[in-house]
Amino acid sequence: MLKKGDIILLLVIVLGILSVVFFGRENAVSLSNTSGSPFDNLGITAIIKKNDKVIRKINLKSVEKREVINISGLHKATIVAEKNRICFLESDCPDKVCVKTGWLSHPGEIAVCLPNKMIIKLEQDKNQNVDGVVK
Amino acid sequence: MKNNRILIFLSFIIVSFYLSGCSKSNASDDYVEKESFQMGTVISQRIYGSNAEVSANKIIQKLNSIEENMSVNIKTSTVSRINSNSGQPQVFSINSDIYNILIAADKFSKLSNSAFDITIGPLVKEWGVFTDHPHVPSKRRINELLKLVNYKSIDFNRDKMTFRLPIKGQMIDFGAIAKGYAADEAVKICRGDGIKSAYINLGGNVYVVGNKPDNTPWRIGIQNPRAADGKYIGILRVSDKTVVTSGDYERFFMKDGIRYHHIIDPRTGCPSNSDLISSTIITDSSISADALSTATFVMGLKKSKELLKKLDGVDAIFITKDKKVYITENLKKDFDFQDESGEFTYVEKG
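Keep in mind that this is a model prediction, so the values were computed, not measured.

1. Quick word on the overall build of chain A
Thinking step 1. The number of helices and strands found in chain A is two helices and eight strands.
Thinking step 2. Listing each helix as α and each strand as β along chain A from the N terminus yields α-β-β-β-β-β-α-β-β-β.
Thinking step 3. Here chain A holds 135 residues, and the buried ones make up 38% of them.
Thinking step 4. Within the structure as shown, chain A displays about 7700 Å² of accessible surface, and the carbon and sulfur contribution to it stands at 61%.

The following block contains the structure:
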């Protein structure tokens, strides 16, 4: 027969194993989730990068108020985020390709400002339809 | 009873080791994602594996060296020096990168009956589609410059690896081939480093290594030529392949209601006016895909289909001016026509 102490020990072990399994799972989820927010899997995240560094991540689904982001540097740029969409509103770069791209609202869409080395791209954390678009 | 406890402890330790081992082997989910601004475009890399960072940095370095060697915007590049010394007796030593591109360029110029020609440089410059001030040149000016365009006229010594342009004013332009070559080099680096899964996009010139980490093929959207960036007319499932598109929508300007795009037909000196608005090539070699997407775009649907019959392992998606989508037989099982705009027709037969 097992003693009381053995039963407690067994319980601790079972709990330990369960927590490892649970922890392991959660770990895997956060690894595959690029936005780092495990609770909003269907949100579209706008990632703003300058010189290959992420300067902002915005979950567009949860933007309630229009947000204006001013970027300083060689060329000044203004980015506007609204619910479900984002764009380069203004930029004093020479070609203004970034501004002409207009609003981004679908996962996979991308706006680029070459002179400023800036990029806005939209990602859906799960069930993204394509991995990339050739043009 | 003591034995029993030891056993339980032991099994606990073993089980927890096993579990932690398991989560560590999940490291195949590790990846780096990098965007760099090189070769006049955005380079995106997504490389999977614990060593991905090293490979990604090597690729950036390799692309830098290609750019420094071939850019017409860098005055000290070998290509710039070759161009500014056209008509002079001086020959230039070329490195293996330029050599490989010249060999491939020659092959595709011949295959396409001059629809692809790297000596198109003077006309690309004259139209200025890549500048802030593009314009329509006079007929006389075009004809004058066309005399400089001929891939057969270049002085390329394959044994000595030297090059010169014999006629004053001639210019070579690797714009329709260098990104493809660079993509092949990037993939070579990945394979050399044992990378099993990667997505590399050089400004729309895509190469995918292996499958995705979940072992399904990559899903690549084919740009809708008449919609905003990122909108596609269909999805292609590919692994270990390159996908390259040439279209009239990438760079263009409008004048008097006419669309003047950036792909100049070496035979007319004007933006290509075939029945195609987009041509996508799917194959193993990105340099071939890059050159062939331009060549087929210029040649038009009928001649391109004939050309593809002569080539092994090359598939294509053509979109015509009347908004019909044609694809080669091999692709049919891997292509999903998904046109949100409802403007395009998928021609399954033919």
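There's more to say after this.
2. Digging into the overall build of chain B
Thinking step 1. Check the secondary structure of chain B and you find nine helices and 17 strands.
Thinking step 2. On the principal axes, the C-alpha backbone points of chain B span a range of 105 × 50 × 40 Å.
Thinking step 3. Across the 350 residues in chain B, those meeting the buried criterion constitute 52%.
Thinking step 4. Considering only contacts within chain B whose residues lie at least 6 apart along the sequence, 59% involve residues at least 24 apart.
Thinking step 5. Surface summary for chain B: the accessible area is close to 16300 Å², and the carbon and sulfur share equals 51%.

3. A look at the UniProt feature "binding site: Mg(2+)" (unreviewed entry) in chain B
All names here are of chain B.
Thinking step 1. This chain's UniProt record puts "binding site: Mg(2+)" (unreviewed entry) on Ala176, Asp290 and Thr294. These annotated residues cover 119 residues of sequence, and their C-alpha atoms lie no more than 6.6 Å from one another, placing them together at a single site.
Thinking step 2. By the secondary structure assignment, alanine 176 is in the loop between strand S5 (162–164) and helix H7 (178–192).
Thinking step 3. Relative accessible area serves as the criterion here: at 21%, alanine 176 is assigned to the partly exposed category.
Thinking step 4. Leave out the neighbours within four places in its chain, and alanine 176 touches Phe116, Asp290, Ala291 and Thr294.
Thinking step 5. Within the secondary structure layout, threonine 294 lies in helix H8 (residues 286–299).
Thinking step 6. Not counting residues up to four positions away in its chain, the partners in contact with threonine 294 are Phe116, Ala176, Ser246 and Ile263.

4. Section: the sheet that holds strand S7 (residues 205–209) of chain B
Residue and element names in this part refer to chain B.
Thinking step 1. One open sheet accounts for nine strands, arranged S1-S2-S6-S7-S10-S13-S14-S15-S17; its pairing is mixed. The open sheet has two edge strands with one neighbour each: strand S1 (31–38) and strand S17 (345–347). Across the sheet, the mean angle from the axis of one strand to that of its neighbour is 15°, orientation sign disregarded.
Thinking step 2. With three bridges connecting them, strand S15 (residues 324–327) and S17 associate as parallel partners.

5. Notes on unusual backbone geometry
Thinking step 1. For A:Asp52, which is not glycine, the phi torsion reads 65° and is therefore positive.
Thinking step 2. By the secondary structure assignment, A:Asp52 is in the loop between strand S1 (44–50) and strand S2 (53–59).
Thinking step 3. You will see that B:Asp240, though not glycine, has its phi angle at about 50°, which is positive.
Thinking step 4. Within the element layout of this structure, B:Asp240 appears in the loop between strand S9 (232–238) and strand S10 (241–247).
Thinking step 5. Judged by relative accessible area, which is 32%, B:Asp240 ranks as partly exposed.

6. Side note on H7(B)
Residues and elements named next belong to chain B.
Thinking step 1. Compared with an ideal rise of 1.5 Å per residue, which puts 15 residues at 21 Å, H7 spans 21 Å between its outermost C-alpha atoms and is within 8% of the ideal.
Thinking step 2. Here H7 lies mainly inside the structure; 11 of its 15 residues are buried.
Thinking step 3. Within H7, burial applies to Ala178, Gly180, Tyr181, Ala182, Ala183, Asp184, Glu185, Ala186, Val187, Ile189 and Cys190.
Thinking step 4. Close packing links the buried residues of H7 with strand S2 (41–48), helix H2 (52–70), helix H4 (96–111), strand S6 (198–202), S7 and H8.
Thinking step 5. Once H7 finishes, glycine 194 follows within two positions and takes phi at roughly 75°, a positive value.

7. A closer look at the packing of H7(B) against H8(B)
Residue and element names in this part refer to chain B.
Thinking step 1. One can describe the packing of H7 onto H8 by two numbers: an axis separation of 7 Å at closest approach and a directional angle of 160°. Looking at the two axes, H7 sits roughly antiparallel to H8. For the pair H7 and H8, the crossing hand works out as right-handed. Where H7 approaches H8, its residues Ala178, Lys179, Gly180, Tyr181, Ala183 and Asp184 are matched on the opposing element by Ser286, Ile287 and Asp290.
Thinking step 2. Looking at side-chain class alone, the contact of H7 with H8 contains four nonpolar, two polar and three charged residues.

8. With respect to the nonpolar core
Residues and elements named next belong to chain B.
Thinking step 1. Core analysis: the largest hydrophobic core is formed by 65 residues, its most contacted members being Ile47, Phe163, Phe174 and Ile177.
Thinking step 2. When residues no more than four places from it in sequence are discounted, the contact partners of isoleucine 177 are Ile101, Ala104, Ala105, Phe116, Ile287, Asp290 and Ala291.
Thinking step 3. With 22 residues, the next largest nonpolar core counts Tyr48, Ile220, Ile327 and Phe335 among its residues.

9. Comments concerning the packing of H4(B) against H8(B)
Residue and element names in this part refer to chain B.
Thinking step 1. At a minimum axis distance of 10 Å, the contact between H4 and H8 shows a crossing angle of 45°. Taken together, the axes of H4 and H8 are oblique relative to one another. H8 is crossed by H4, and the crossing has right-handed handedness. When H4 is examined against H8, the residues Asn100, Ile101, Ala104 and Phe108 are found in contact with a partner set consisting of Ile287, Ser288, Ala291 and Leu292.
Thinking step 2. Split into classes, the residues belonging to the contact of H4 with H8 amount to six nonpolar, two polar and no charged.

10. Concerning the sheet that holds S1(A)
All names here are of chain A.
Thinking step 1. Spatially, four strands are ordered S2-S1-S7-S6 in an open sheet, and the strand pairing comes out antiparallel. The open sheet has two edge strands with one neighbour each: S2 and strand S6 (110–113). Averaged over all pairs of adjacent strands, the angle between their axes in this sheet comes to 20°, without regard to strand direction.
Thinking step 2. Relative to strand S7 (residues 118–124), S6 runs antiparallel, the two sharing four bridges. Its bridge partner being in S7, valine 112 is matched across the sheet by isoleucine 119.

11. Section: the packing of aromatic side chains
Residue and element names in this part refer to chain B.
Thinking step 1. Tallied over the entire structure, the rule returns nine aromatic pairs over all chains.
Thinking step 2. Here the aromatic rings of tyrosine 48 and tryptophan 218 are separated by 6.3 Å at their centres, their planes lie at 50°, and the arrangement is tilted. Pair noted here: tyrosine 48 is in strand S2 and tryptophan 218 is in strand S8 (residues 218–223), with a separation of 170 residues, a long-range link. Exposure class is identical for tyrosine 48 and tryptophan 218. Each is buried.
Thinking step 3. With a centroid separation of 5.3 Å and 20° between ring planes, the pair formed by phenylalanine 337 and tyrosine 346 is classed as stacked.
Thinking step 4. Phenylalanine 337 sits in the partly exposed class, given a relative accessible area of 27%.

Quick notes on the rules
Residues numbered from 1 in each chain as written. Chains lettered and ligands numbered in written order. Predicted model: local features only at pLDDT ≥ 70, side-chain atom pairs only at ≥ 80, totals over all residues. Heavy atoms only, no water. Helix = DSSP H or I, 4+ residues; strand = E, 2+ residues; numbered from the N terminus. Buried < 20%, exposed > 50% of the residue type's maximum accessible area, 1.4 Å probe, protein only. Areas by Shrake-Rupley, 256 points an atom, 1.4 Å probe, with all protein chains shown as cover. Contact = heavy atoms within 4.5 Å. UniProt positions renumbered as here; feature names shortened; annotations may be inferred. Pairing = 2+ DSSP bridges. Axes fitted to C-alpha atoms, helices over the stretch in contact; angles between N-to-C directions. Expected span 1.5 Å × (residues − 1). Parallel < 35°, antiparallel > 145°, perpendicular 65-115°, else oblique. Left-handed = near helix turned anticlockwise from the far one by under 90°. Nonpolar A, V, L, I, M, F, W, Y, C, P; charged D, E, K, R; others polar. Core = buried A, V, L, I, M, F, W, Y, C linked by side-chain atoms within 4.5 Å. Phe/Tyr/Trp six-rings, centres within 6.5 Å; stacked < 30°, edge-to-face > 60°.

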